[in-house]
Amino acid sequence: MTPIAPSARLAEVRYEIRGALARRAREMEAAGAPIVHLNIGNPGRFGFRAPAHLVDAIPAHLAHSDGYCQEQGIDEARDAVVARQHARGVADVDADRVFIGNGVSELIDISLRALLGPGDEVLLPSPDYPLWSASTVLNGGRPRYYRCLAANGHLPDPEEMERLITPRTRAIVLINPNNPTGAVYPRALLERIVALAARHDLLLLSDEIYDDIVYDGAAFEPLAPLAGDVPCLSFSGLSKVHRACGFRIGWMSLSGDRARTAELRDALQLLSALRLCANVPAQWAVRAALEGPNTIGPLLQPGGRLHAARQAVLDGVAASRHLELVAPRGALYAFPAVRAETLPTFDDSDFALRLLEEEGVLLAPGSSFNVEASRHLRLTLLPEPDTLRDVFVRIERVLERMSETTARPARASA
């Protein structure tokens, strides 16, 4: 019998964060090998808990959660997002332009499905969070990548971005604070990107899920207040700042000129209705999260666990003969690179597999994030600092073994 073939579009989709390496790690664990997981930014896996005031908000409203809610979300959750946007200076957002989803992941897919026709193009950062690329492809679009090079602090060049724009370009995606690099975009850069979108009539899509996670004086600038009348979709949620990934609650708000965004708003509502609604019980935690105490701040300050974990990574890189790093200024990841002068033929995927099989450490190779010829590795800052210190000892052992292997043929040929 003929095998059932999946969609051809899936041939262009990658998500190695949970791909072949993660499957190999599960096989090793099943055989009894201990594995240190650094591939996923899942706070609950590392002992973090959702704040009590979020958790308490859910059972208090279970009696009102049995049925489907309005497709865009419960009023209380959307009103809380509106209040947050107003406080940030986005006056034209109201509840009719806010959408609650089953995590930001679902909302990314809905937004691109509402926007794209076959062959339409989206400007995406390289490195990107690969869900953005996957959702672009699966909805018939074509990614066009603008580089965020380590040499430029992992910040994009607006002039390069503009050179990528064609008559098929529909939108620009920003991830700020950035996953995987930890870059935090300065206001002046964001203003140049807004001007670029205005010149070319493009929609701005701003993934701000890590908005309140910044280190050592870095300042997060939300995009929508700078965009003004330029159409902008802003995304955030409970998963990262509020350590509630399993709640699966995200939100997006649409801002900008109402006449230009009216049809898009209606398309977003239609697609929201087709999936009925987001998880109702967890939506009751949104107001508690946005109006309650700041519980992430102490973790990011000196003495806080995330601050200490980041410092452990900085120290591990500084002690390495092979690694270099643009210090992450936000988010929950570091994106170190292997120096070309010590390992000129380095392959990040081969290294990630060796690190897993030889030292029991699972991380994501930089090529998983749509970076050509990547020498990068992404690891999360969520483990305990002592764990990260030990991980860098293991990383260095594998890099040293690779360096010795590379040096032997060179000595032999000499």
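An account of the accompanying structure is given in this report. Computed from a predicted structure; not experimentally measured.

## Some words on the packing of helix α4 (residues 103–115) against helix α9 (residues 258–274)
At a minimum axis separation of 9 Å, α4 and α9 run at an interaxial angle of 125 degrees. Taken together, the axes of α4 and α9 are oblique relative to one another. The handedness of the crossing between α4 and α9 comes out as right-handed. Between α4 and α9, the contacting residues are Ile110, Ser111, Arg113 and Ala114 on the first element and Leu264, Ala267, Leu268, Leu271 and Ser272 on the second. Residues belonging to the contact of α4 with α9 are distributed by class as follows: six nonpolar, two polar and one charged.

## Brief notes about the pattern of salt bridges
For the structure shown, the criterion picks out 32 salt bridges. Here Asp75 ties to Arg78 by a salt bridge, and the two come within 3.0 Å at their closest N and O atoms. One end of the pair is Asp75 and the other is Arg78, both in helix α3 (residues 75–87) and three residues apart, which spans about a single turn. For Asp75, a relative accessible area of 52% corresponds to the exposed category. With a shortest N-O distance of 2.8 Å, Asp390 and Arg394 are connected by a salt bridge. With Asp390 and Arg394 both in helix α15 (residues 385–413) and four residues apart, the pair spans about one turn of that helix. Sharing partners across several salt bridges, the network here consists of Arg354, Glu358, Glu359, Arg397 and Arg401.

## Notes on the packing of α4 against helix α5 (residues 130–138)
It is the contact of α4 with α5, at a shortest axis distance of 9 Å, that shows an interaxial angle of 35 degrees. The handedness of the crossing between α4 and α5 is right-handed. Each of Ser105, Ile108, Asp109 and Leu112 in α4 lies in contact with α5, whose residues at this interface are Leu131, Trp132, Ser135 and Thr136. Of the residues that constitute the contact of α4 with α5, the class distribution is four nonpolar, three polar and one charged.

## Digging into the sheet that holds strand β14 (residues 377–380)
Paired through their backbone hydrogen bonds, the strands of a sheet run either parallel or antiparallel. Strand order in the open sheet made by the three strands is β10-β14-β13, with antiparallel pairing throughout. Of all strands in the sheet, those with a lone pairing partner are β10 (333–334) and β13 (364–365), marking the two edges.

## Section: the sheet that holds strand β3 (residues 121–126)
Here seven strands make up an open sheet; going across it, the order is β2-β8-β7-β6-β5-β3-β4 and the pairing mixed. The open sheet is flanked by β2 (98–101) and β4 (142–147), the only strands paired with a single partner. Here the average twist between neighbouring strands, direction ignored, is 20 degrees. Alignment of strand β5 (residues 169–175) against strand β6 (residues 203–207), held across five bridges, turns out to be parallel. In the strand pairing of β6, Ile172 is matched with Leu204. Across the sheet, α9 is in contact with β2, β6, β7 (232–237) and β8 (250–255); its angle to β8 comes to roughly 160 degrees.

## Here's the deal with the packing of aromatic side chains
In total, this model carries four aromatic pairs according to the counting rule given. Both rings, one in Trp132 and one in Phe235, keep their centres 5.6 Å apart while their planes meet at 90 degrees; by these two values the pair is edge-to-face. Taken together, the residues span a long stretch of sequence, with Trp132 in helix α5 and Phe235 in strand β7 at a distance of 103 residues. Take Trp132 and Phe235: they sit in the same class, and that class is buried. Look at Phe346 and Phe351: their rings are 5.6 Å apart centre to centre, the planes differ by 50 degrees, and that puts the pair in the tilted class. Classification of Phe346 as buried rests on a relative accessible area of 9%.

## Here's the deal with the nonpolar core
Formed by 73 residues in total, the largest nonpolar core has its most connected members in Trp132 and Ile395. Of the residues forming this core, the biggest block, seven residues, is contributed by α15.

## Some words on the pairing of β5
Of all seven residues in β5, six are buried, a share of seventy percent or more. As judged from the three bridges shared by β3 and β5, these two strands associate in the parallel manner. Paired with Glu121 across the bridge in β5 is Thr169. At this point the chain moves from β5, through helix α7 (residues 187–200), to the parallel β6, and the crossover so formed is right-handed.

## Some thoughts on the environment of Asp212
Examined against the element boundaries, Asp212 turns out to sit in the loop between β6 and α8 (223–227). Separated by 119 residues in the primary sequence, Asp212 and Ala331 have C-alpha atoms spaced 8.4 Å apart. Residue contacts for Asp212: discarding those within four places in its chain leaves Arg84, Arg88, Val241, Ile296 and Leu300.

## Digging into α3
Counted at 1.5 Å a residue, the expected span for α3 with its 13 residues is 18 Å, and the 18 Å between its end C-alpha atoms agrees. Restricting attention to buried positions, one finds in α3 the residues Ala77, Arg78, Ala80, Val81, Val82 and Gln85. Buried residues along α3 sit against β2, α8, β7, β8, α10 (280–283) and α11 (285–291). With its phi angle positive at about 95 degrees, Gly89 sits one or two positions after the end of α3.

## As for the pairing of β8
Extensive coverage of β8 is indicated by the burial of six of its six residues. Side chains Gly250, Met252 and Leu254 of β8 all project onto a buried face; the interleaved residues Trp251, Ser253 and Ser255 project onto the opposite face, where all are buried too. Sheet topology places β7 next to β8; six bridges connect them, and they run antiparallel. Residue pairing across strands places Leu233 opposite Leu254, the latter belonging to β8.

## Section: a positive patch on the surface
A contiguous patch of positive charge on the surface is contributed by Arg18, Arg23, Arg26 and Arg248. Here Arg248 is to be found in the loop between β7 and β8.

About the thresholds
Throughout, a residue's number is its position along its own chain's written sequence, starting from 1. Only residues with pLDDT of 70 or above have their local features reported here, since the model is predicted, and side-chain atom pairs are shown and tallied only from 80 upward, although totals for entire chains, interfaces and linings are computed over all residues. Side-chain calculation: all heavy atoms of the structure are included, whereas hydrogens and water are not. For helices, the fitted line uses only the C-alpha atoms of the stretch in contact; every axis is such a line through C-alpha atoms, and the angle between N-to-C directions lies from 0 to 180 degrees. Only runs of H or I of at least four residues qualify as helices and only runs of E of at least two qualify as strands under DSSP, and these elements are numbered from the N terminus. Roughly parallel means an angle under 35 degrees; roughly antiparallel, over 145; roughly perpendicular, 65 to 115; everything else is oblique. Should the near helix be turned anticlockwise from the far one by less than a right angle, the crossing is left-handed, and should it be turned clockwise, the crossing is right-handed. Residue contacts are defined here by distance: any two heavy atoms, one from each residue, within 4.5 Å place the two residues in contact. Ten residues, namely Ala, Val, Leu, Ile, Met, Phe, Trp, Tyr, Cys and Pro, are considered nonpolar, four, namely Asp, Glu, Lys and Arg, are considered charged, and the remaining ones, Gly among them, are considered polar. The salt bridge criterion pairs a side-chain nitrogen of Lys or Arg with a carboxyl oxygen of Asp or Glu, the two atoms within 4 Å. Categorising residues by exposure relies on relative accessible area from a 1.4 Å probe, with only protein chains included: less than 20% of the type maximum marks a residue as buried, more than 50% marks it as exposed, and the intermediate range marks it as partly exposed. At least two DSSP bridges between two strands are needed for those strands to be called paired. For this analysis, a ring pair means two rings from Phe, Tyr or Trp (six-membered ring only for Trp) whose centres lie within 6.5 Å, classed as stacked if their planes differ by under 30 degrees, edge-to-face if by over 60, and tilted for the remaining angles. Residue types Ala, Val, Leu, Ile, Met, Phe, Trp, Tyr and Cys, when buried and joined through side-chain atoms within 4.5 Å, form a set referred to as a nonpolar core. By definition, the crossover connecting two strands over a helix is right-handed if that path, from the first strand to the second, turns clockwise as seen with the strands pointing away from the viewer. What a helix should span is 1.5 Å times the count of its residues minus one. The patches reported here contain residues having more than 30% relative accessible area and no salt bridge. Joining distances are 9 Å for like charges and 5 Å for nonpolar side chains (Val, Leu, Ile, Met, Phe, Trp, Tyr). What sets the accessible areas is the Shrake-Rupley method with a 1.4 Å probe; for residues, cover comes only from the shown protein chains. Charge counting follows a simple rule: Lys and Arg are positive, Asp and Glu are negative, and His as well as the terminal groups are ignored. Charge positions come from single atoms, namely NZ of Lys, CZ of Arg, CG of Asp or CD of Glu.

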